[in-house]
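Each chain, letter by letter, is given below.
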Amino acid sequence: MAVRFLLDADSSPGLLSRLLQPYAKRDLTPDRMWSHRSGETMHVEIAMEAMPADMVHLVEGNLRQVVGVRSVSRLVRPCLRQVA
């Protein structure tokens, strides 16, 4: 399934690498990552066009546990390509 996570977090030097760890430890590579800082807040989007359905809740839970993360929203839509 296609998944986009939208996050707001405290701006800190190691934030972006910490947000990618839940993907890396599951051998997943996001298709898109976008971020911008507004004052002390980082707004981040991490998207995959085809994420295995059983990984979505695991990655979301890990993102919520990252130090400094204030909110996580998930947008899901059926994907067009198959995932093994």
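Up top is the structure these notes are about.
Residues numbered from 1 in each chain as written. Predicted model: local features only at pLDDT ≥ 70, side-chain atom pairs only at ≥ 80, totals over all residues. Heavy atoms only, no water.

### Digging into the nonpolar core
In this structure, Phe5, Leu7, Leu19, Tyr23, Met51 and Leu63 are the most contacted members of the largest nonpolar core, which totals 20 residues. For this core, the secondary structure elements donating two or more residues are β1 (2-10), α1 (15-24), β3 (41-48), α2 (53-65) and β4 (69-77). When sequence neighbours within four positions are dropped, the list of residues in contact with Tyr23 reads Phe5, Leu28, Pro30, Ile46, Met48, Met51, Val59 and Leu63. (Core = buried A, V, L, I, M, F, W, Y, C linked by side-chain atoms within 4.5 Å. Buried < 20%, exposed > 50% of the residue type's maximum accessible area, 1.4 Å probe, protein only. Helix = DSSP H or I, 4+ residues; strand = E, 2+ residues; numbered from the N terminus. Contact = heavy atoms within 4.5 Å.)

### Thoughts on the environment of Ala53
Examined against the element boundaries, Ala53 turns out to sit in helix α2. Along the chain, Ala53 and Met1 lie 52 residues apart, while their C-alpha atoms are 6.2 Å from each other.

### Observations concerning the pairing of β1
Note on strand geometry: in a regular strand, side chains alternate between the two faces of the sheet. Pairing analysis gives 8 bridges linking β1 to β4, with the strands arranged antiparallel. The residue of β4 that forms the bridge with Ala2 is Arg77. Across 8 bridges, the pairing between β1 and β3 is antiparallel. In the strand pairing of β3, Leu7 is matched with Val44. (Pairing = 2+ DSSP bridges.)

### Here's the deal with unusual backbone geometry
The phi torsion at Asp27 lies on the positive side, around 60°, for a residue other than glycine. On the accessibility criterion, Asp27 (73% relative accessible area) is exposed.

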